[in-house]
Amino acid sequence: MKKQVEIRIINTEEMPPIVISANENDEPKVVLNTYHKLWITLNRKIIAGIVEDLYSKMDMILTSYLEEQYQFEKEDREFGAENGSM
């Protein structure tokens, strides 16, 4: 089941054109700022293409994290075996 992403539209000079953050329920939220409508419009195809690059970078970061955690687990097991526990 695909999760719904909250999308808010605002119009304020103080915020950037697009923000991705967490909402009150810790779910993804995207804020589009129409104050920057011209910039968003001119860059719409680039913005849409960001998704693939963003996924690739997130995957790289998460894979690295998992490899690090796995290495810690292996070291813990080796330490436990050397000290007669586990």
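This text follows the structure it describes.
Residues numbered from 1 in each chain as written. Predicted model: local features only at pLDDT ≥ 70, side-chain atom pairs only at ≥ 80, totals over all residues. Heavy atoms only, no water.

### Notes on a negative patch on the surface
Moving on, step 1. The grouping of Glu75, Asp76, Glu78 and Glu82 at the surface amounts to a negative patch.
Moving on, step 2. Here Glu82 lies in helix α2 (residues 44–82).
Moving on, step 3. Among the residues examined, Glu82 registers a relative accessible area of 66% and is labelled exposed. (Patch = residues over 30% accessible without salt bridge, like charges linked within 9 Å, V, L, I, M, F, W, Y side chains within 5 Å. Areas by Shrake-Rupley, 256 points an atom, 1.4 Å probe, with all protein chains shown as cover. Salt bridge = Lys/Arg side-chain N within 4 Å of Asp/Glu carboxyl O. Lys, Arg positive; Asp, Glu negative; His and termini not counted. Charge placed at Lys NZ, Arg CZ, Asp CG, Glu CD. Helix = DSSP H or I, 4+ residues; strand = E, 2+ residues; numbered from the N terminus. Buried < 20%, exposed > 50% of the residue type's maximum accessible area, 1.4 Å probe, protein only.)

### With respect to a nonpolar patch on the surface
Moving on, step 1. A surface patch of nonpolar side chains, about 800 Å² in accessible area, is lined by Ile20, Ile46, Ile50, Leu54, Met58, Met60, Ile61 and Leu62.
Moving on, step 2. Looking at which element gives the most residues to the nonpolar patch, the answer is α2, with 7 residues.
Moving on, step 3. As for its position among the elements, Ile20 is in strand β2 (residues 18–22).

### A short note on the sheet that holds strand β1 (residues 6–10)
Moving on, step 1. Ordered by their spatial adjacency, 3 strands build an open sheet running β1-β3-β2, and the pairing between neighbours is mixed. Each edge of the open sheet is held by one strand with a lone partner, namely β1 and β2. Neighbouring strand axes in the sheet, compared pairwise and without regard to direction, differ in orientation by 20° on average. (Pairing = 2+ DSSP bridges. Axes fitted to C-alpha atoms, helices over the stretch in contact; angles between N-to-C directions.)

### Structural notes on α2
Moving on, step 1. Here α2 is 39 residues long and its end C-alpha atoms lie 58 Å apart, about the 57 Å a rise of 1.5 Å per residue gives.
Moving on, step 2. The largest bend in α2 amounts to roughly 30° and is located at Val51. (Expected span 1.5 Å × (residues − 1). Bend = angle between axes of the 7 residues up to and from the residue.)

In short, shape yes, function no, at least from these values alone.
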